[in-house]
Amino acid sequence: MSIDTETARRVAHLARIAVPEEELPALAGEFNAILGFIEQLSEVDVEGVEPMVSVTPMRLKRREDVVTDGSQPQAVLANAPDAREGFFAVPKVVE
Amino acid sequence: MSDLTKLTIAGARDALRKGETTSVEITEACLSAIEGAGALNAFVLHTPEIALEQAKAADARIKAGDAPAMCGIPLGIKDLFCTKGVNSQAASAILGGFKPEYESTVTSQLFDAGAVMLGKLNMDEFAMGSSNETSTYGNAVNPWRRGNDDAALTPGGSSGGSASAVAADLCLAATGTDTGGSIRQPAAFTGITGLKPTYGRVSRWGIIAFASSLDQAGPMTKDVRDCAIMLQAMAGHDPKDSTSAELAVPDFEAMLTGDIKGKVIGIPKEYRMKGMPEEIEALWAEGVEMLKAAGAEIRDISLPHTKYALPAYYVIAPAEASSNLARYDGVRFGHRAKLAQGDGIVEMYEKTRAEGFGAEVKRRVMVGTYVLSAGYYDAYYNRARKVRALIKRDFDEVFAAGVDAILTPATPSAAFGLGEMAEADPVQMYLNDVFTVTVNLAGLPGIAVPTGTSANGLPLGLQLIGRPWEEGDLMNTAYALEQAAGFVAKPGKWW
């Protein structure tokens, strides 16, 4: 399995991380080293094995569908890089 | 009393209750030790006002006779724990200036018990690293040195600041988190004791997430008794964490009898790696002898899927990280990149994440994105989860056959020099966690205890792995090992 520059570009975009064009070949190289290492997993016979979801055979707990907190817009917005009139502000999303 | 910073939690507790010292005195001693230890870069945020206020409150509680064991004990808090109103940024630029509006469950339990926060501790960015070289605050430095060589060594990672601070007596103990060995490997590199509890024993709520099915917080302390005391305060069911176990927390300290007669200790043959340094082999053999002399039965065991633990980890952890770290988008908290004319929301995400994340975090997020992407999900992610099930089954079978604990080395070598691995490819660095990562995959408790030193005078540790939920029994075995090893060496002060 070998990752080329084009695949590295696509993965970076999927991950929403800008990678300058000139750094893509080195990134592809690192991916190849890591994936080569991961490739060992194909040696294991996993026939009939259920993929593990949780380390404890514990059912994920559920709680009642009720409001437990709220009415704290200031706390929610306190760390926002840009907040206006009680909302998070972002660049224009709709053309 | 002299050398208040050298006290253990148990020692400080007893002295405080007898009125021989006060929490304010111990706290002031720690604060001045921290001031003089800038060269270690262990504390990245100092909170002396909070510390002194908490210490005064603790002294009042002790005077009133209402004093849990942690009351008045000055701690360092890993930067991965959200602390209300105090910068918490997981050593990442992307969380620059982030002041949580809430307190993590672990820290609020510790503070409710009267513990004192001296400040926040350095770590690898988002806990991704084994040498504390990926932090936005710069490297944390190990207080130990190789003989007379003054080369700076790594304290290990990701809890490198925690390990360095405890080893250098800047605090009495510290919080750590362990996703693949991030408590146990730095503990071994600095000659302290570090426990990774069973997954679900300690709440993950308010701890900045790396890989949610593996992350677990635990104590990093000067000895095993302190681990028991501090875990007691950290552990317990938390309704805010849906994976937190509804189990009673036993009195861990009371379980430290040192009596391990008849306990069965497994020695897994798969941990005898090719090319392992002789001194690690010798350390391990000595540990076996110590436990045997204490009355334990030693049994050779096999954990056949050990070899596949690291590759499985390097699929599962990045996959979960890529999902967890999707929240760093420059909208709700942390850094947002400056945008150019005409940039839309996608450019905002891409530039923010490119600027805010360091190289190792970007690499892991992208590897995680790749293994989860269409066409590769089954080949990588699902296969890794199946291998994980087999790794856990190996342990289940060994425990079902009567083994009480498993003894292994904690690390493949002593601490290495900062920068020494710079030329190595990422996989070389990942091999540091080869003995510890199986424990996270299987969700088991594991503890690293210092038992010897390397040829050039650096501490070396052994790891004990226990049955799920039996931290008390595990710490008792570790206590017996600690007593037999009698490790008392401390780093010479150069900082």
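Residues numbered from 1 in each chain as written. Chains lettered and ligands numbered in written order. Predicted model: local features only at pLDDT ≥ 70, side-chain atom pairs only at ≥ 80, totals over all residues. Heavy atoms only, no water.

> Quick question: what am I supposed to make of the overall build of chain B here?
Within chain B, the regular secondary structure consists of 15 helices and 11 strands. The dimensions of chain B, computed from C-alpha atoms along their principal axes, are 70 × 55 × 50 Å. Of the accessible surface of chain B, which amounts to about 16,100 Å², a share of 50% is contributed by carbon and sulfur atoms. One way to put it: in chain B the 46 positive side-chain charges average out to a point 3 Å from where the 58 negative ones average out. (Helix = DSSP H or I, 4+ residues; strand = E, 2+ residues; numbered from the N terminus. Areas by Shrake-Rupley, 256 points an atom, 1.4 Å probe, with all protein chains shown as cover. Lys, Arg positive; Asp, Glu negative; His and termini not counted. Charge placed at Lys NZ, Arg CZ, Asp CG, Glu CD.)

> Quick question: what am I supposed to make of the overall build of chain A here?
What chain A contains, in helices and strands, is 3 helices and 2 strands. Secondary structure of chain A in N-to-C order comes out as α-α-α-β-β. Rg of the C-alpha trace for chain A: 22 Å, well past the compact-globule value of 12 Å for 95 residues, more than 25% over. Classification of the 95 residues of chain A by burial places 29% in the buried group. Summed over all atoms, the accessible surface of chain A reaches about 6,700 Å², with 52% contributed by carbon and sulfur. Averaging the positions of the 9 positive and the 17 negative side-chain charges in chain A gives two centres separated by 10 Å. (Rg over C-alpha atoms; globule rule 2.2 N^0.38 Å. Buried < 20%, exposed > 50% of the residue type's maximum accessible area, 1.4 Å probe, protein only.)

> What should I look at first to understand the interface of chain A and chain B in this one?
The figure often quoted for interface size is the accessible area lost as the parts come together. Listed as interface residues are 51 residues of chain A and, on the opposing side, 69 residues of chain B. Of the roughly 5,000 Å² buried at the junction of chain A and chain B (both faces included), carbon and sulfur atoms supply 72%. The largest per-residue losses of area from chain A upon contact with chain B belong to Phe37, Leu41 and Met52 of chain A, which jointly make up 14% of the total buried on that side. Where chain A packs against chain B, one counts 2 salt bridges. For Glu30 of chain A, the salt bridge identified is with Arg363 of chain B, shortest N-O distance 2.8 Å. Across the contact surface, chain A and chain B share 14 residue pairs in polar contact (both at pLDDT 80 or more). Element by element, the count of residues in the side of chain A that touches chain B is highest for helix α2 (residues 24–38) of chain A, at 8 residues. The residue inventory of the side of chain A that touches chain B, partitioned by class, reads 35 nonpolar, 6 polar and 10 charged. (Contact = heavy atoms within 4.5 Å. Buried area = accessible area lost by both parts, 1.4 Å probe. Salt bridge = Lys/Arg side-chain N within 4 Å of Asp/Glu carboxyl O. Polar contact = N/O pair within 3.5 Å; in protein donor to acceptor, adjacent residues only side chain to side chain. Nonpolar A, V, L, I, M, F, W, Y, C, P; charged D, E, K, R; others polar.)

> When you look at the layout of surface pockets in this model, what are you seeing that I'm missing?
Put simply, the largest pocket is a space of about 1,100 Å³. Lining the largest pocket are 38 residues; nearest its centre among them are Tyr102, Trp205, Gly206, Lys240 and Arg327 of chain B. Taken together, the elements giving at least two residues each to the lining of the largest pocket come down to α3 (73–77) of chain A together with β6 (216–221) of chain B. Across the lining of the largest pocket, the residue classes tally to 17 nonpolar, 10 polar and 11 charged. When its volume is computed, the second largest pocket comes out at roughly 520 Å³. Lining the second largest pocket are 22 residues; nearest its centre among them are Met273, Pro412, Leu431, Asn432 and Val434 of chain B. Residue contributions to the lining of the second largest pocket peak at 3 residues, all from helix α9 (residues 309–324) of chain B. In terms of residue class, the lining of the second largest pocket is made up of 14 nonpolar, 6 polar and 2 charged. (1 Å grid on protein atoms, 1.4 Å probe; cavity = no way out; pocket = protein on both sides within 12 Å on 5 of 7 lines; lining within 4 Å. Points joined across faces, edges and corners; volume = space filled by probe spheres on them.)

> Sorry, what's going on with α2 of chain A here?
Between its terminal C-alpha atoms α2 of chain A stretches 21 Å, which fits the 21 Å expected from 15 residues at 1.5 Å a residue. Residues of α2 of chain A that are buried: Leu24, Leu27, Ala28, Phe31, Ile34, Leu35, Phe37 and Ile38 of chain A. Buried positions along α2 of chain A lie against α1 (5–14) of chain A together with α9, α11 (359–372), α12 (377–400) and α13 (426–430) of chain B. (Expected span 1.5 Å × (residues − 1).)

> How should the sheet that holds strand β3 (residues 116–121) of chain B be read in this particular structure?
The strands making up a sheet associate through hydrogen bonds between their backbones, and the pairing can be parallel or antiparallel. Residue and element names in this part refer to chain B. The strand order β1-β3-β2-β4-β6-β5-β10-β11-β9-β7-β8 describes an open sheet built from 11 strands, whose pairing is mixed. Whereas interior strands pair on both sides, the edge strands pair on one side only; in this sheet they are β1 (43–46) and β8 (297–301). The average undirected angle you get between the axes of adjacent strands in this sheet is 30°. Sheet topology places strand β9 (residues 405–409) next to strand β11 (residues 459–466); 5 bridges connect them, and they run antiparallel. Pairing of Thr408 across the sheet is with Gln463, part of β11. (Pairing = 2+ DSSP bridges. Axes fitted to C-alpha atoms, helices over the stretch in contact; angles between N-to-C directions.)

> In this structure, what is going on with helix α10 (residues 345–356) of chain B? I would like to understand it.
An α-helix turns once every 3.6 residues. As a result, residues three or four positions apart point the same way. For α10 of chain B, which comprises 12 residues, the first-to-last C-alpha distance of 16 Å matches the rise-based estimate of 16 Å (1.5 Å per residue) to within 8%. Summarising the contacts, the buried residues of α10 of chain B are in contact with α1 of chain A together with α11 of chain B.

> What's the story with unusual backbone geometry in this structure? I'm lost.
One can expect most non-glycine residues to show negative phi and most peptide bonds to be in trans. Residue and element names in this part refer to chain B. The linkage connecting Gly157 with the following residue, Ser158, adopts the cis geometry, with an omega of 5°. Here Ser158 shows up in the loop between β3 and α5 (160–167). A positive phi angle, close to 65°, is found at Ala127, a residue other than glycine. Residue position: Ala127 is located in the loop between β3 and α5.

> Could you clarify how one ought to interpret the packing of aromatic side chains in this entry?
We describe a pair of aromatic rings using the distance from one ring centre to the other and the angle between the two ring planes. Residues and elements named next belong to chain B. With the rule as written, the count across this model stands at 17 aromatic pairs over all chains. Ring centres 5.5 Å apart and planes at 45° place the aromatic pair Phe98 and Phe333 in the tilted group. Placement of Phe98 in the loop between β2 (74–78) and α4 (105–112) and of Phe333 in the loop between α9 and α10 is noted, with a sequence separation of 235 residues between them. In this structure, Arg145 is placed above the aromatic ring of Trp494, and the distance from its NZ or CZ to the ring centre is 3.8 Å. When the ring centre of Trp284 is taken as origin, the NZ or CZ atom of Arg272, which lies over that ring, is 4.6 Å away. (Phe/Tyr/Trp six-rings, centres within 6.5 Å; stacked < 30°, edge-to-face > 60°. Lys NZ or Arg CZ within 6 Å of the ring centre and 35° of its normal.)

> Help me understand the pattern of salt bridges, please; the structure alone is not making it clear to me.
Here the idea is simple: oppositely charged side chains can pair when their charged atoms come close. Enumeration over the complete set of coordinates arrives at 27 salt bridges over all chains. Between Lys307 of chain B and Glu43 of chain A there is a salt bridge, with the nearest N and O atoms lying 3.3 Å from each other. Of this pair, Lys307 of chain B sits in the loop between β8 and α9 while Glu43 of chain A sits in the loop between α2 and α3, on two different chains.

> Can you walk me through the pairing of strand β4 (residues 173–178) of chain B in this structure?
Consecutive residues of a regular strand have side chains that alternate between opposite faces of the sheet. Residues and elements named next belong to chain B. The element β4 is extensively covered by neighbouring structure, given that 6 of its 6 residues are classed as buried. Residues Ala173, Thr175 and Thr177 of β4 are buried on one face, and the alternating residues Ala174, Gly176 and Asp178, pointing to the opposite face, are buried as well. Note that β4 and β6 share 5 bridges and pair antiparallel. Looking at β6, one finds that Thr175 is bridged to Pro219.

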